[in-house]
Amino acid sequence: MHRASARLAGWRCQEDIPTAAVFAPDGTLYTAGKDRRVVRWDARTGKERGSAKLPEGEALALALPPGGERLLACGSEGKAWLIDPSLEGEPVALAGHAG
């Protein structure tokens, strides 16, 4: 499989092609890719500010509800994960969500 280097606004984004992206109201950018990582970026500088790895599958979609208390990642294995926006701690699978 060919690994592509993806760029967003001129800077390296993921180890592979990003599959999802969402902006927070403060301008923070979150991306996800086939590498199973959810990455937090400073959108002004393009610098990575942290990452979390999903326990299984890749993230196909990201959502940040109003208030931004939790980031939602929907995965390729039919699971949904709640992630602290600081990306500290482990992603938590939504209870009762079997895909």
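Keep in mind it's a predicted model, so treat the numbers as computed, not measured.

> Any chance you could break down the overall build of the protein for me, citing the residues and the numbers?
Of the regular secondary structure elements, the protein holds zero helices and ten strands. In sequence order, the secondary structure elements of the protein are arranged as β-β-β-β-β-β-β-β-β-β. When each of the 99 residues of the protein is scored for burial, the buried share is 38%. Total accessible area on the protein stands at roughly 5700 Å², and carbon and sulfur atoms take up 51% of it.

> Would you mind going over the sheet that holds strand 8 (residues 71-75) in detail, with residue names and values included?
Strand order in the open sheet formed by four strands is 7-8-9-10, and the pairing between neighbours is antiparallel. Two strands close off the open sheet at either side, each with one partner strand: strand 7 (59-63) and strand 10 (92-93). Across two bridges, the pairing between strand 9 (residues 80-83) and strand 10 is antiparallel. Its bridge partner lying in strand 10, Leu82 is registered against Val92.

> Residues and numbers for the pairing of strand 4 (residues 28-33), please.
Burial runs high along strand 4: six of the six residues are buried. Looking at chain direction, strand 3 (residues 18-23) and strand 4 are connected through five bridges and run antiparallel. Directly across from Pro18, in strand 4, lies its bridge partner Gly33. As paired elements, strand 4 and strand 5 (residues 37-42) share five bridges and run antiparallel to each other. Note on strand 5: the bridge partner recorded for Thr28 is Asp42. Hairpin remark: strand 4 followed by strand 5, antiparallel, with three residues in the connecting loop; positive phi at Arg36, about 70°.

Conventions used here
- Residues numbered from 1 in each chain as written.
- Predicted model: local features only at pLDDT ≥ 70, side-chain atom pairs only at ≥ 80, totals over all residues.
- Heavy atoms only, no water.
- Helix = DSSP H or I, 4+ residues; strand = E, 2+ residues; numbered from the N terminus.
- Buried < 20%, exposed > 50% of the residue type's maximum accessible area, 1.4 Å probe, protein only.
- Areas by Shrake-Rupley, 256 points an atom, 1.4 Å probe, with all protein chains shown as cover.
- Pairing = 2+ DSSP bridges.

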